[in-house]
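Spelled out, the chains give:
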Amino acid sequence: MILRPIYAVIEREVVKMFRQRTRLISAMVRPLIWLFVIGAGFGAVLGRSTGVDYQQFLAPGVLGMTILFGAMLAALTMVYDKESGVMRMLIIAPFAHHWIVVAKTVAAALAGLIQAALLLAILAALGLLSWKMNYPLMLVGIVVTALTCAAIGILVSAFSRTLDNFAAVMNFVIFPVFFLSGALYPIANLPLALKVAAMLNPFTYAVDLLKHAMLVPLASSSASELQVGVDLLVCAGFTLLAVMVASWRFSREEAYEPFIHIFPGKRGG
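Quick notes on the rules
- Per chain, residue numbering runs from 1 following the sequence as it is written.
- Only residues with pLDDT of 70 or above have their local features reported here, since the model is predicted, and side-chain atom pairs are shown and tallied only from 80 upward, although totals for entire chains, interfaces and linings are computed over all residues.
- By convention in this description, side-chain values take in all heavy atoms of the structure and omit both hydrogens and water.
- Segments assigned H or I by DSSP are reported as helices when at least four residues long, segments assigned E as strands when at least two residues long, and all are numbered from the N terminus.
- Summary of the burial criterion: residues with accessible area below 20% of their type's maximum are buried, those above 50% are exposed, and those between are partly exposed, where the area comes from a 1.4 Å probe applied to protein chains only.
- Whether two residues are in contact is decided by their heavy atoms: any pair within 4.5 Å suffices.
- In short, Shrake-Rupley with a 1.4 Å probe defines the accessible areas, and a residue's cover is counted only from the protein chains shown.
- In summary, the pairing rule links any two rings of Phe, Tyr or Trp, Trp by its six-membered ring, whose centres are within 6.5 Å, and it sorts them by plane angle into stacked for under 30 degrees, edge-to-face for over 60 and tilted for everything else.
- Two conditions define a charge sitting above a ring: the NZ of Lys or the CZ of Arg must be within 6 Å of the ring centre, and it must be within 35 degrees of the ring normal.
- The nonpolar core is taken to be a set of buried Ala, Val, Leu, Ile, Met, Phe, Trp, Tyr and Cys residues, with the residues joined through side-chain atoms within 4.5 Å.
- Identification of polar contacts relies on pairs of N or O atoms within 3.5 Å, with a donor-acceptor requirement for protein atoms, meaning one able to donate a hydrogen and the other able to accept it, and with residues adjacent in sequence counted only if both atoms are side-chain atoms.
- Expected helix span is given by 1.5 Å per residue-to-residue step, counting one fewer step than there are residues.
- The arc refers to the directions leading from the helix axis to the C-beta atoms.
- Whether a set of points on the 1 Å grid over the protein atoms alone is a cavity depends on a 1.4 Å probe fitting there but being unable to get out, while an open set qualifies as a pocket with protein on both sides within 12 Å along at least five of seven lines; lining residues are those with an atom within 4 Å of a point.
- Grid points are joined across faces, edges and corners, and a volume is the space filled by probe spheres set on the points.
- All residues other than Ala, Val, Leu, Ile, Met, Phe, Trp, Tyr, Cys, Pro, Asp, Glu, Lys and Arg, Gly among them, are scored as polar; the first ten of these are nonpolar and the last four charged.
- Per-residue confidence from the predictor is reported as pLDDT, a score between 0 and 100.
- Axis lines are fitted to C-alpha atoms, over the contacting stretch for helices. Their N-to-C directions set the angle, which ranges from 0 to 180 degrees.
- With the far helix as reference, a near helix turned anticlockwise by less than a right angle produces a left-handed crossing, and one turned clockwise produces a right-handed crossing.

> Got a minute to help me understand the overall build of the protein chain in this structure?
Broken down by element type, the protein chain carries 11 helices and 0 strands. Overall, the protein chain shows an N-to-C arrangement of helices and strands of α-α-α-α-α-α-α-α-α-α-α. By residue count, 48% of the 269 residues in the protein chain fall in the buried class. In the protein chain, the share of contacts with a sequence separation of at least 24, taken over all contacts with a separation of at least 6, comes to 77%. As displayed, the protein chain offers around 12500 Å² of accessible surface, 71% of which is attributable to carbon and sulfur atoms.

> Could you clarify how one ought to interpret the packing of aromatic side chains in this entry?
Each aromatic ring pair is described using two quantities: the centre-to-centre distance and the angle formed by the ring planes. Going through the model one piece at a time under the given rule, you end up with 5 aromatic pairs. Between W34 and F178, the ring centres sit 5.6 Å apart and the planes meet at 80°, which makes this aromatic pair edge-to-face. On the criterion of sequence distance, the pair formed by W34 in helix α2 (residues 21–46) and F178 in helix α7 (residues 163–179) is long-range, its members being 144 residues apart. Taken as a pair, W34 and F178 share a single burial class, namely buried. Members of the aromatic cluster, joined through ring pairs, are W34, F69, F175, F178 and F179. Over the aromatic face of F69 sits the side chain of R30, whose NZ or CZ is 4.3 Å from the ring centroid.

> Explanation requested: the nonpolar core in the structure shown.
For soluble globular proteins, the rule of thumb is that nonpolar side chains tend to be buried together. Ranked by internal contacts, the top residues of the largest apolar core, which has 62 residues, are L63, L68, M138, I142, F178, F203 and M214. Within the residue set of this core, elements represented by two or more residues are α1 (3–19), α2, α3 (54–84), α5 (98–125), α6 (135–158), α7 and α9 (202–214). Considering every element that reaches this core, the biggest residue donor is α3, with 14 residues. When near neighbours in sequence (up to four residues on either side) are disregarded, L63 contacts A116, L119, L120, I142, L210 and M214.

> Sorry, what's going on with the environment of N201 here?
Tracing the chain through its elements places N201 in the loop between α8 (192–199) and α9. Setting aside chain neighbours within four positions, we find N201 in contact with P176, V177, L180 and S181. A distance of 2.9 Å separates the side chain of N201 from the backbone oxygen of L180, its partner in a polar contact.

> Help me understand α1 in this model?
Structural remark: α-helix, 3.6 residues per turn; residues separated by three or four positions point the same way. With 17 residues, α1 extends 24 Å from end C-alpha to end C-alpha; this agrees with the ideal 24 Å at 1.5 Å per step. Listed in full, the buried residues belonging to α1 are I6, V9, I10, E13, V14 and M17. Burial along α1 is one-sided: seen end-on, the buried residues are contained in an arc of 125°. When the buried face of α1 is taken as reference, the exposed residues oriented beyond 90 degrees from it are R4, Y7 and R19.

> Honestly, the side chain of T148 in this entry has me stumped. Any pointers?
Note that T148 resides in helix α6. A relative accessible area of 0% places T148 in the buried class. Residue contacts for T148: discarding those within four places in its chain leaves P202, C235, F238 and T239.

> Is there a simple way to think about the layout of surface pockets in this case?
One simple way to see leftover space: roll a probe sized like a water molecule over the atoms. Of the voids in this model, the largest pocket is the one considered here, and its volume is about 200 Å³. Considering the residues around the largest pocket, the lining is formed by 14 residues, among which Q55, Q56, A59, L128 and L129 are closest to the centre. Broken down by class, the residue content of the lining of the largest pocket amounts to 9 nonpolar, 4 polar and 1 charged.

> Got a minute to help me understand the confidence of the model for the protein chain in this structure?
In low-pLDDT segments, the atomic positions of the prediction should not be examined closely. For the protein chain, mean pLDDT is 81; residues scoring 70 or higher make up 83% of the total. Below pLDDT 50 for its whole length, residues 254–269 participates in 27 contacts with residues either more than four positions away or in separate chains.

> Would you take a moment to explain the packing of α3 against α6 for this structure?
At their nearest, the axes of α3 and α6 sit 8 Å apart, and the two run at 35° to each other. Of the two elements, α3 crosses α6, and the hand of that crossing is right-handed. Across from L63, G64, I67, L68, A71, M72, A75, L76, M78, V79 and K82 in α3, the residues of α6 making contact are I142, T145, A146, C149, A150, I152, G153, I154, S157 and A158. The residue inventory of the contact of α3 with α6, partitioned by class, reads 16 nonpolar, 4 polar and 1 charged.

Encoded structure:
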């Protein structure tokens, strides 16, 4: 069955993440700095222009940021496996290559979900979560955001040959994706060019979905800028497209051509 090897890949990634405890701790420190340090500074300037306190407005953004960084770093293991030779063992396994990409995507999304759960526990302990929030929608939003962020990371990994290359490309991708997402400020008042870039950014729709769950029940609908249906459709469409492109690229990786030719029936399978 295909589920067993997929489960094995996911289990390996999750176990590796929990063994890297400093990674989990640093993943919690980053959003708290944004929330309390930068949030306090920006809040003094912006006030309640969005209908809620700025730190409340920032909460969905830092939650999305935690998922984004967690999923992107988890996707790094795909490049590491290429360099270490682990990927060659996966390539010769008796299942289609695109399942490797799917398993890596799910594992990266799961890493983002775990870090999001830890952050939510901290925010709840600090009294920063309201009982008025739409919890079912927040759960859906976190899952959708994790899959979207994992798809971004896997897409970058599929086109990266080395860890150094991935790190350079990730820095080039992750900061524009985050800053042009509406996580820190509404996108409605951005200059036209930046607003267009934000609307082309799939992470924008993921963050807006979290806003619908966490902010709209606390304030007016102006806290979010798009429709829930649009957010879900764009995130799902991007995730599917990104996984398909990553699978296509991965199945044609030059380093694995000899292995692919050994099992010609697997190409495109």
